[in-house]
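Geometric and topological summary
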Amino acid sequence: MLTILFDGISTGMLLFVLACGLAVTLGLMNFVNLAHGAFAMVGGYVTVIAMQRFGVPFLATLPLAFLIAAAIGLVLERTLYVHLYGRSHLDQVMFSIGLVFMAMAGMDWFMGSSPQNVILPEALKGRFDFAGIGIGRYRLFLVVICGILAVALQLTLSKTRFGSRLRAAVDDQRVARGLGIRVQTIFAATFAVGSGLAGLGGALGAEILGLDPSFPVKYMVFFLIVVTVGGTSSIVGPFLAALMLGIADVGSKYYVPELGSFVIYAVMIAVLIVRPNGLFARPGR
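Read on for a plain summary of the structure. (Residues numbered from 1 in each chain as written. Predicted model: local features only at pLDDT ≥ 70, side-chain atom pairs only at ≥ 80, totals over all residues. Heavy atoms only, no water.)

This paragraph deals with the pattern of salt bridges. Enumeration over the complete set of coordinates arrives at seven salt bridges. Where Asp7 meets Arg127, a salt bridge forms, and the shortest distance between an N and an O atom there is 3.8 Å. Of this pair, Asp7 sits in helix H1 (residues 2-28) while Arg127 sits in strand E1 (residues 127-130), and the two are 120 residues apart along the sequence. Asp7 sits in the buried class, given a relative accessible area of 3%. Using a relative accessible area of 45% as the deciding quantity, one classes Arg127 as partly exposed. Taking the shortest distance from any N to any O, the salt bridge between Asp212 and Lys218 comes out at 3.0 Å. Residue Asp212 is classed as buried on the basis of its relative accessible area, which comes to 13%. Connected through shared salt-bridge partners, Asp7, Arg127 and Arg139 make up one network. (Salt bridge = Lys/Arg side-chain N within 4 Å of Asp/Glu carboxyl O. Helix = DSSP H or I, 4+ residues; strand = E, 2+ residues; numbered from the N terminus. Buried < 20%, exposed > 50% of the residue type's maximum accessible area, 1.4 Å probe, protein only.)

In structure tokens form, the structure reads like this:
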């Protein structure tokens, strides 16, 4: 049971890194970006291409996946997304879902439809026992890396000047501009970081979740569930929601595999019945 719990925590950590960029854009920027999974797919393919074609070590591909996904996100934000900030959520959904299918078709043409494999370094392969718990080395690596990212992201958004400026820009852009805050620059940087985190999550998750051109659609619902259950007022909510869903998913696959993903949706429904706005929601929203 403790081994299953650990595997569930590591899966939840991975879900958080994959979804935290969406939590930022949806929760703090109030933008529904369903193309978030496309940036995760890009990060995964950056890792695959760098390792298979250029011989780059796995660990060295992780910052590369973050930077390339962030750069693509920045370009798209400045050229396309910036025109949708003031539009309705329906317009944002239709626009971003169109980008998803374009990204899937482009990746299928460029890389083919076959699933891609990521070969981990020997140090991250296998398992070891600690106090009776079977711990996978790569899953332990995920827990450490994702935990550091979660703490750093929360501190950045809640304790830094950048985080306060971002919240001010979201709450009232006109007043924020009057105070000298460069709203467009703040939004562009935030969107780029969110896209980069998605790319990093895609690189980290390629070995566990698999990677093919259908990745953005296959896991889109999971990203949305994490943000919906966690709420959009902070990073803490999606983090706890990701842990809850990761443990529920792994536990259900061990004990009741015939139910498939039913347990995750049941947890989501139960939470939303009690907390319709998620675990953490801003007052008045």
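A few words on the nonpolar core. Core analysis: the largest hydrophobic core is formed by 89 residues, its most contacted members being Phe16, Phe58, Tyr138, Leu166, Phe187, Leu204 and Phe215. Here this core takes 14 residues from H1, the largest share from any one element. Residues within four places of Phe16 in sequence aside, it is in contact with Ala150, Ile235, Pro238, Phe239 and Ala242. (Core = buried A, V, L, I, M, F, W, Y, C linked by side-chain atoms within 4.5 Å. Contact = heavy atoms within 4.5 Å.)

As a further point, take the side chain of Asn33. You can see Asn33 is positioned in the loop between H1 and helix H2 (36-54). In contact with Asn33, other than residues within four places in its own chain, are Leu22, Thr25, Phe39, Tyr81, Ser96 and Phe191.

Turning our attention to a nonpolar patch on the surface. Taken together, Met1, Tyr254 and Tyr255 make up a surface patch of nonpolar side chains, about 430 Å² in accessible area. Structurally, the position occupied by Tyr255 is in helix H11 (residues 236-255). (Patch = residues over 30% accessible without salt bridge, like charges linked within 9 Å, V, L, I, M, F, W, Y side chains within 5 Å. Areas by Shrake-Rupley, 256 points an atom, 1.4 Å probe, with all protein chains shown as cover.)

Before going further, it helps to spend a moment on the packing of aromatic side chains. Evaluation of the coordinates by the stated rule reveals 11 aromatic pairs. Both rings, one in Tyr138 and one in Phe141, keep their centres 6.0 Å apart while their planes meet at 25 degrees; by these two values the pair is stacked. Pair noted here: Tyr138 and Phe141 are both in helix H5 (residues 137-159), with a separation of three residues, about one helical turn. The same class applies to Tyr138 and to Phe141, which are both buried. Linked through ring pairs, Phe31, Phe39, Tyr81, Tyr85, Phe95, Phe187 and Phe191 together constitute an aromatic cluster. (Phe/Tyr/Trp six-rings, centres within 6.5 Å; stacked < 30°, edge-to-face > 60°.)

Moving on to the environment of Ala103. Tracing the backbone shows Ala103 in helix H4 (residues 89-111). Relative accessible area serves as the criterion here: at 24%, Ala103 is assigned to the partly exposed category. C-alpha of Ala103 to C-alpha of Ala152: the two residues are 49 residues apart in sequence and 30 Å apart in space. In contact with Ala103, other than residues within four places in its own chain, are Ala38 and Met41.

A word on the packing of helix H3 (residues 58-79) against helix H8 (residues 183-209). Following both chains from N to C, one finds H3 and H8 inclined at 145 degrees, their axes separated by 7 Å at the closest point. Considering how the two elements wind past one another, H3 and H8 form a crossing that is right-handed. Tallied by class, residues from the contact of H3 with H8 come to 16 nonpolar, five polar and two charged. (Axes fitted to C-alpha atoms, helices over the stretch in contact; angles between N-to-C directions. Left-handed = near helix turned anticlockwise from the far one by under 90°. Nonpolar A, V, L, I, M, F, W, Y, C, P; charged D, E, K, R; others polar.)

In this structure, Gln116 sits in the loop between H4 and E1. Each residue touching Gln116, except ones within four places of it in the same chain, is listed here: Tyr45, Val48, Gln52, Met111 and Leu211.

Turning next to the packing of helix H10 (residues 220-230) against H11. Running from N to C, H10 and H11 point in directions that differ by 120 degrees, and their axes come no closer than 7 Å. Between H10 and H11, the angle falls in the class oblique. Of the two elements, H10 crosses H11, and the hand of that crossing is right-handed. Counting all contacts with H10, which are made through Ile225, Val226, Val229 and Gly230, the residues of H11 involved are Gly237, Pro238, Ala241, Ala242 and Leu245. Considering only residue class, the contact of H10 with H11 consists of seven nonpolar, two polar and no charged. (Parallel < 35°, antiparallel > 145°, perpendicular 65-115°, else oblique.)

Attention now goes to the environment of Met41. Among the structural elements, Met41 can be located in helix H2. Placed 28 residues apart in sequence, Met41 and Ala69 show a C-alpha to C-alpha distance of 9.2 Å. Ignoring any residue separated from it by four or fewer positions in sequence, one finds Met41 in contact with Ala103, Met104, Met107, Leu211, Asp212, Pro213, Phe215 and Pro216.

Bridging between E1 and strand E2 (residues 133-136) involves four bridges; their strand directions are antiparallel. By the bridge assignment for E2, Asp129 is matched with Gly134. From the end of E1 to the start of E2, which pair antiparallel, there are two residues, and Ala131 there has a positive phi angle of about 55 degrees. (Pairing = 2+ DSSP bridges.)

Treat this as a map of the structure, not an account of what it does.
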